[in-house]
Amino acid sequence: MAGGSNTPKQYGITKPISLLGPVEADLHRTAELEKFLVEAGLYESAEESAKREAVLGELDKVVKDWVKQLTSQRGYTDQMVEESNAVLFTFGSYRLGVHGPWADIDALCVGPSYVNREEDFFMVLHDILAQTEDVTELQPVPDAHVPVMKFKFHGISIDLLYASVSLLVVPPNLDISQGSVLYDVDEATVRSLNGCRVADQILRLVPNIENFRTTLRCLKYWATRRGVYSNVTGFLGGVNWALLVARVCQLYPNAVPSMLVSRFFRVFTQWQWPNPVMLCSIEEDEVGFPVWDPRKNPRDRSHHMPIITPAYPCMNSSYNVSTSTLRVMMEQFQFGNKICQEIEMNKASWSALFEPFQFFEAYKNYLQVDIIAEDDEDLRLWKGWVESRLRQLTLKIERDTYGMLQCHPYPHEYADPSRQCAHCAFFMGLSRKEGVKIQEGQQFDIRGTVDEFRHEINLYMFWKPGMELAVSHVRRKQIPAYVFPDGYRRPRPSRHANHQHQSDKNDTEDGSMARSPDSQIKRKHDSAGIDDSEPCRPVKRASVSPVHPKTSSPQSGNVGDETPSNNQIKRASSDVCGGSQASHGSGNLERPNCSNSSQASERSSDTVASGPRCKTRESACSGDATSKHGIPLVENCTAPTVAVCTTLKRVAEKVVSDLVGSERLGSSNSAELLESMEKDVLVENVHFGVNGVTQGGLPEELEPTHGIEVVS
């Protein structure tokens, strides 16, 4: 009995990798890390915290009065009106305790069964908030996957959800972690409730909440600096990072934040995706909502980076991740792992880990997506819609080029202050699939793809005149100056800031775009005499789009590092060549003219397709632009099937327990150990392929040989 009482509690579905705690050097590095995070401004002041609490108190009173008003209007007794109630919960970064001064508040209002979402929340409460003096930027989003009302209250951004539970009176001490709150509710309500349920469960499943919070705050800041913090763009959002950090905390329950940050990168540079990350077992429930299970749900098999929520019904929180964005994140994990090794060997400081990713030096070709509206309010609404669809443009390009041309969407937005209309722009890096030989003269024609994307964007139900969109191709040297912090391009980055040196090497080996006239991307030159002072004005141009390949669904492939010369991006060119005009190409060939003429002439970017019908000129260029590309068809393979529940737990325990030198992962800071760990592979389960065939990738000594149940 005494021995059993001394057994440490196990967090997670497997035993920890190491139970070792910190040494003096780890404590010193943790103190340095915490000092760095404070100096970076990641913690809010006591005054700001008090303001948030006061705002939440006011909002709580607003929703309580709203429910009492509806209860009275519907003829309930005075006693019922008196007892009627709504409860306000928080979730996300605020609930987890890792929010910064700039962060919004994610809140959930839980109300009684007779107060619904469609009319009472999005109409009655919306009108109440609209009449509240301190509420600004009110934006209802009823058709979102999780319906939400966005607004600012006393200057603090709030995302408010609503859930109607099967109770006539909501008790003030309602425990939404209990499964009973899910009875007799729809799936939208389940998704609304799960934000709070997941946050509470995460805090229950980590061994040390303070260490978890410091580590998560650090990793979120790192992800933002490295350009991989954005769920909508196909990277990871707040809950995804929280789940990954929580899993590392489970594997190293006695580690301090400096150790956990280092172990985070060490673990996830070796993780065998698409094996899922889970904090607890996936359990079925009598309520009957679907859970993540690739054995039963074909859609779950296509997920590239499953990170499973710990509250019923367990779902994949990272379904937006594509092959391209996974590749980008894995590269950044490698960067983080290398810097952490140098920090542990006293060869680098924490500031090196947070060097911003030099996106505009990483590629030689980019897509620029310009979003234009009449005023700032229209731009905010229009930008939100377009940004939510940018991930589809990435998938469509990869689909239509059979995975040969890959996109790296960058989640930061930029604005050109010289434009007269409200404007912002997003950029995507373009690169070929690495390791694929390209025939001379092959071209990528994505004009039809962009036309399809624009058509979907124009289905926006709240579209207004002046809401326009342009998609254009630019090369690295034509990137507009306004994207750089100081208004100009800085010198090439240091060795830690990027991986583009390999990309440049590939360009040299494969043939630079400037090597021959055949490999040049035809340029669209702006004509003189464009009136820059003119406001945006729609002008249409007729053109014919080439045959667009039809596929059933967007598929993405592996990402390379650069676009070689032989892979021309075939665009709608409109140059005047030798005085002759020969119409060719696709899509709308309009070019927006919201910027001044000197900038437009300097860029002379290639418009792939453009929605902003600002002032344009018509001209055509003859040439071999209509020739079809000869990209070979890449057959789509069924994504691997991963065993879950009991099978997954058994496999996870087997592999983690058999790791070579697993106890050493957190035991030493020596250079020899760090070097030896590059040879070790950490996986939580086995990577199963089609029909249950075990796929390679593990070292021979780690390959399971018996006792593994494979689900086909």
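Residues numbered from 1 in each chain as written. Predicted model: local features only at pLDDT ≥ 70, side-chain atom pairs only at ≥ 80, totals over all residues. Heavy atoms only, no water.

## Digging into the overall build of the protein chain
A count of helices and strands for the protein chain gives 19 helices and 12 strands. Sequence-distant contacts in the protein chain: of pairs separated by 6 or more residues, those separated by 24 or more amount to 77%. If you sum the accessible surface of the protein chain, you get close to 30,600 Å²; carbon and sulfur atoms cover 51% of it. (Helix = DSSP H or I, 4+ residues; strand = E, 2+ residues; numbered from the N terminus. Contact = heavy atoms within 4.5 Å. Areas by Shrake-Rupley, 256 points an atom, 1.4 Å probe, with all protein chains shown as cover.)

## Quick notes on the pattern of salt bridges
A full pass over the atoms with the stated rule returns 27 salt bridges. Among the salt bridges present, the one from lysine 464 reaches aspartate 378, with a minimum N-O distance of 3.2 Å. Here the residue lysine 464 occupies a position in the loop between helix H15 (447-457) and strand E10 (468-475), and aspartate 378 occupies one in helix H14 (residues 376-400), the gap between them amounting to 86 residues. The exposure class assigned to aspartate 378 is buried, which follows from its relative accessible area of 8%. (Salt bridge = Lys/Arg side-chain N within 4 Å of Asp/Glu carboxyl O. Buried < 20%, exposed > 50% of the residue type's maximum accessible area, 1.4 Å probe, protein only.)

## Details of unusual backbone geometry
Residue proline 274 is bonded to the preceding tryptophan 273 through a cis peptide linkage, with omega at 15°. Take proline 274: it is sitting in the loop between helix H10 (257-268) and helix H11 (323-344). Here aspartate 184, not a glycine, exhibits a phi torsion of approximately 60°, which is positive. Tracing the backbone through its elements, the reader meets aspartate 184 in the loop between strand E5 (156-164) and helix H7 (187-205). The phi angle at tyrosine 402 is positive, at roughly 55°, despite the residue not being glycine. Secondary-structure assignment places tyrosine 402 in the loop between H14 and strand E7 (405-409). Judged by relative accessible area, which is 26%, tyrosine 402 ranks as partly exposed.

## Regarding helix H8 (residues 209-225)
With 17 residues, H8 ought to run about 24 Å at 1.5 Å a step, and its terminal C-alpha atoms sit 24 Å apart, in line with that. Burial runs high along H8: 12 of the 17 residues are buried. Taken together, the buried positions of H8 are Asn211, Phe212, Thr214, Thr215, Leu216, Arg217, Cys218, Leu219, Lys220, Tyr221, Trp222 and Ala223. N-cap assignment for H8: the residue whose side-chain oxygen lies 3.1 Å from the backbone N of glutamate 210 is asparagine 208. (Expected span 1.5 Å × (residues − 1). Polar contact = N/O pair within 3.5 Å; in protein donor to acceptor, adjacent residues only side chain to side chain.)

## Observations regarding the nonpolar core
Within the largest apolar cluster, 91 residues are counted, with the highest numbers of intra-cluster contacts made by Leu108, Phe212, Trp222, Trp241, Phe264, Phe268 and Trp273. When near neighbours in sequence (up to four residues on either side) are disregarded, leucine 108 contacts Val87, Leu88, Phe89, Phe91, Leu160, Leu161, Tyr162, Ala163, Ile176, Ser192, Leu193 and Cys196. Core analysis: the second largest hydrophobic core is formed by 30 residues, Val67, Tyr94, Phe121 and Leu125 among them. (Core = buried A, V, L, I, M, F, W, Y, C linked by side-chain atoms within 4.5 Å.)

## With respect to a nonpolar patch on the surface
There is a patch of nonpolar side chains on the surface, built from Tyr76, Leu168 and Val169 and spanning about 230 Å² of accessible area. The residue valine 169 is located in the loop between E5 and H7 in this model. The exposure class of valine 169 is partly exposed, given its relative accessible area of 30%. (Patch = residues over 30% accessible without salt bridge, like charges linked within 9 Å, V, L, I, M, F, W, Y side chains within 5 Å.)

## As for the packing of aromatic side chains
Tallying each qualifying case throughout the model produces 35 aromatic pairs. With 6.2 Å between their ring centres and 10° between their planes, phenylalanine 268 and tryptophan 273 make a pair best called stacked. Take tryptophan 273: its relative accessible area is 10%, and that puts it in the buried class. Of the aromatic side chains, those joined through ring pairs into one cluster are Phe357, Phe359, Phe360, Tyr363, Tyr366, Tyr410, Tyr414, Phe427 and Phe484. One Lys or Arg, arginine 217, reaches over the ring of tyrosine 43 and ends 4.1 Å from the middle of that ring. (Phe/Tyr/Trp six-rings, centres within 6.5 Å; stacked < 30°, edge-to-face > 60°. Lys NZ or Arg CZ within 6 Å of the ring centre and 35° of its normal.)

## Quick word on the pairing of strand E1 (residues 87-91)
The buried fraction of E1 is high, at five of five residues. Here E1 shows a buried face lined by Val87, Phe89 and Phe91 and a second buried face lined by Leu88 and Thr90. Sheet topology places E1 next to strand E2 (residues 105-111); five bridges connect them, and they run antiparallel. Looking across to E2, one finds that leucine 88 is bridged to cysteine 109. (Pairing = 2+ DSSP bridges.)

## Here we look at the packing of H8 against helix H9 (residues 238-251)
One way to put it is that H8 packs onto H9 with a least axis distance of 10 Å and a crossing angle of 135°. Here H9 runs oblique to H8, going by the angle between their axes. Viewed along their axes, H8 and H9 form a crossing whose handedness is right-handed. Listed contacts from H9 to Phe212, Thr215, Leu216, Leu219, Lys220, Trp222 and Ala223 of H8 are Trp241, Ala242, Val245, Ala246 and Cys249. Classifying every residue of the contact of H8 with H9 gives 10 nonpolar, one polar and one charged. (Axes fitted to C-alpha atoms, helices over the stretch in contact; angles between N-to-C directions. Parallel < 35°, antiparallel > 145°, perpendicular 65-115°, else oblique. Left-handed = near helix turned anticlockwise from the far one by under 90°. Nonpolar A, V, L, I, M, F, W, Y, C, P; charged D, E, K, R; others polar.)

## A closer look at the confidence of the model for the protein chain
Mean pLDDT over the protein chain works out to 75, with 67% of the residues at or above the 70 mark. In this model, residues 495-645 is a region of pLDDT below 50 whose contacts with residues beyond four sequence positions or in other chains number 407 contacts. Ignoring residues within four places in sequence, the model shows residues 658-712, a span with pLDDT below 50, making 124 contacts including any to other chains. (pLDDT = per-residue confidence, 0-100.)

## What to know about the environment of valine 436
With respect to the helices and strands, valine 436 occurs in the loop between strand E8 (422-432) and strand E9 (443-445). Judged by relative accessible area, which is 23%, valine 436 ranks as partly exposed. Sequence spacing of valine 436 and methionine 404 is 32 residues, and the spatial spacing of their C-alpha atoms is 7.9 Å.

## Quick look at the environment of threonine 233
Relative to the helices and strands, threonine 233 is located in the loop between H8 and H9. On the accessibility criterion, threonine 233 (7% relative accessible area) is buried. Once the C-alpha coordinates of threonine 233 and histidine 412 are considered, the two residues, 179 residues apart in sequence, prove to be 9.8 Å apart. In contact with threonine 233, not counting residues within four places along its chain, are Thr325, Arg391, Pro409 and Pro411.

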